[in-house]
Amino acid sequence: YLQPEPSNNVREAIREYAIANQLSFYNVRHHTGFIRNVQLRVCTTGEAMANVIVGEDDPETISAMMKHLQEAVPAVTTWVYMVNTKKNDSLYGLIPVTFSGNGYVIEKLSAGPGEEFQFKIGPKSFFQTNTKQAEQLYRVTMEFAELTGKETVYDLYCGTGSIGIFVSKHAGKIIGVDVIEEAIEDARENASLNNLDKTAFFAGDVIDICDDDFFTAHGRPDVIITDPPRAGMHEKLVKKIVDMAAPTVVYVSCN
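What counts as what
- Residues numbered from 1 in each chain as written.
- Predicted model: local features only at pLDDT ≥ 70, side-chain atom pairs only at ≥ 80, totals over all residues.
- Heavy atoms only, no water.
- Phe/Tyr/Trp six-rings, centres within 6.5 Å; stacked < 30°, edge-to-face > 60°.
- Helix = DSSP H or I, 4+ residues; strand = E, 2+ residues; numbered from the N terminus.
- Buried < 20%, exposed > 50% of the residue type's maximum accessible area, 1.4 Å probe, protein only.
- Lys NZ or Arg CZ within 6 Å of the ring centre and 35° of its normal.
- Core = buried A, V, L, I, M, F, W, Y, C linked by side-chain atoms within 4.5 Å.
- Contact = heavy atoms within 4.5 Å.
- Axes fitted to C-alpha atoms, helices over the stretch in contact; angles between N-to-C directions.
- Parallel < 35°, antiparallel > 145°, perpendicular 65-115°, else oblique.
- Left-handed = near helix turned anticlockwise from the far one by under 90°.
- Nonpolar A, V, L, I, M, F, W, Y, C, P; charged D, E, K, R; others polar.
- Pairing = 2+ DSSP bridges.
- Salt bridge = Lys/Arg side-chain N within 4 Å of Asp/Glu carboxyl O.

Novice: Let's hear about the packing of aromatic side chains: which residues, and what values?
Specialist: What the rule picks out here adds up to five aromatic pairs. Residues Phe-202 and Phe-214 carry aromatic rings whose centres are separated by 5.1 Å and whose planes lie at 80° to one another, so their mutual orientation is edge-to-face. Placement of Phe-202 in strand 9 (residues 199–203) and of Phe-214 in helix 7 (residues 212–218) is noted, with a sequence separation of 12 residues between them. For Phe-202, a relative accessible area of 21% corresponds to the partly exposed category. Counting every residue linked through ring pairs, the aromatic cluster contains Tyr-154, Phe-202, Phe-214 and Phe-215. Taking the ring centre of Tyr-26 as reference, the NZ or CZ of Arg-36 above it sits at 3.9 Å. The aromatic ring of Tyr-104 is capped on one face by Lys-120, whose charged end is 4.4 Å from the ring centroid.

Quick look at the structure:
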């Protein structure tokens with residue numbers, strides 16, 4: 001119900017090709033093997049991205065497999081692959097190689113009538129996996145923020161800017177902050193994709209960035225929306241939020 005086709009088609013095509021061509025499957029204990037992971041993003045727009053992660057840097061084998069997969073599952077609009085020779089499955093530090101298509105997909109979120117936003121999602125972009133549920137989550141977030149159209153909203157741990165962009169039509173200004181530079185680049189691109197001129201995104205730690213000079217330049221927050229990872233917020237950031245003294249803080253929990 002949550003993962004539509006062509007997801008299973010991709011999985012089956014990889015499995016069948018690997019078995020037919022005697023490609024090894026990755027063994028997490030011995031850290032050996034060729035076929036490692038596949039990451040899928042199927043969008044409500046009809047676009048689909050498959051990122052095949054392999055454990056060996058063998059260009060010829062990779063190319064032959066990717067060509068077969070592209071032909072076997074035409075519903076995938078962009079095929080990407082990554083070579084991961086590390087002992088963990090983290091995509092950090094890996095370079096995505098676009099085999100076909102744009103190397104990204106476009107997803108849409110609707111905040112209400114006439115408020116549809118587009119988001120460019122690459123293989124390393126963080127974006128909620130369940131788009132329709134993300135809309136519900138962000139609508140509740142916007143409701144809790146009680147925006148009137150005038151507020152300066154600080155979107156902390158903003159990632160690719162999805163929450164800030166989603167609530168932007170109901171705020172005066174959106175300031176997004178995230179430590180991951182690639183996410184901030186995505187956020188700026190997404191703001192531009194939606195022709196938003198009242199958003200600004202900054203890469204760095206909130207504790208370092210949000211000082212008096214920053215507040216002078218961009219204004220103090222009327223509303224803070226924070227959406228940290230599972231580990232939650234560092235104690236220093238909690239104290240910093242108290243110091244910022246925004247009248248409203250909306251905490252989107254990863255739990």
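Novice: Give a description of the nonpolar core that names residues and reports values.
Specialist: Judged by nonpolar contacts, the single largest core of 32 residues is most densely connected at Leu-109, Leu-147, Val-153, Phe-166, Val-167, Phe-201 and Ile-225. Within the residue set of this core, elements represented by two or more residues are strand 5 (105–112), strand 6 (115–121), helix 3 (131–145), helix 4 (162–167), helix 5 (181–193) and strand 10 (223–226). Here Leu-109 is in contact with Glu-115, Glu-116, Phe-117, Phe-119, Phe-127, Thr-131, Ala-134, Glu-135, Tyr-138 and Phe-166, once residues within four sequence places are set aside. Counting 19 residues, the second-largest nonpolar core is a separate cluster that includes Ala-50, Ile-62, Val-73 and Tyr-81.

Novice: Lay out the packing of helix 1 (residues 7–20) against helix 2 (residues 59–72) with the relevant residues and their values.
Specialist: For the pair helix 1 and helix 2, the least separation of the axes is 10 Å and the interaxial angle reads 135°. Comparing the axis directions of helix 1 and helix 2 gives the class oblique. In the packing of helix 1 onto helix 2, the handedness of the crossing is right-handed. In this structure, helix 1 uses Ala-13, Ile-14 and Tyr-17 to contact helix 2, whose residues at the interface are Ala-64, Met-65, His-68, Leu-69 and Ala-72. Of the residues contributing to the contact of helix 1 with helix 2, the split by class is seven nonpolar, one polar and no charged.

Novice: Outline the pairing of strand 11 (residues 248–251), supporting the account with residue identities and numerical values.
Specialist: Here four bridges tie strand 10 to strand 11, and the two strands are oriented parallel to one another. Bridge assignment links Val-223 to a residue of strand 11, and that residue is Thr-248.

Novice: Please set out the sheet that holds strand 7 (residues 152–156) residue by residue, giving values where relevant.
Specialist: Taken in spatial order, the five strands line up as 9-8-7-10-11 in an open sheet, and their pairing is parallel. Edge strands, defined here as strands with exactly one partner in the open sheet, are strand 9 and strand 11. Each strand axis lies, on average, 15° off the axis of its neighbour in the sheet, ignoring direction. Two elements, strand 7 and strand 8 (residues 173–178), share five bridges in a ladder whose sense is parallel. Each bridged residue has a counterpart across the sheet, and for Thr-152 the counterpart in strand 8 is Lys-173.

Novice: Account for the sheet that holds strand 4 (residues 97–100), with residues named and values stated.
Specialist: Taken in spatial order, the four strands line up as 1-2-3-4 in an open sheet, and their pairing is mixed. The outermost strands of the open sheet, each flanked by one partner alone, are strand 1 (35–42) and strand 4. Sheet twist, expressed as the average angle between the axes of neighbouring strands with direction ignored, equals 25°. In the sheet, strand 1 pairs with strand 2 (residues 48–54) via seven bridges, with the strands oriented antiparallel. Within strand 2, the position partnered with Arg-41 by the bridge is Met-49. Its contacts with the sheet put helix 2 on strand 1, strand 2, strand 3 (78–83) and strand 4, and the angle it makes with strand 3 is roughly 155°.

Novice: Could you give an account of the pattern of salt bridges, with specific residues and numbers?
Specialist: A full pass over the atoms with the stated rule returns nine salt bridges. Across the pair Arg-11 and Glu-12 runs a salt bridge, and its minimum N-O distance is 3.5 Å. The shortest N-O distance in the salt bridge between Glu-135 and Lys-132 comes to 3.7 Å. Here Lys-132 and Glu-135 lie together in helix 3, a separation of three residues that amounts to about one turn. By sharing partners, the salt bridges in this structure join Arg-11, Glu-12 and Arg-15 into a single network.

Keep in mind these numbers describe shape, not what the thing actually does.
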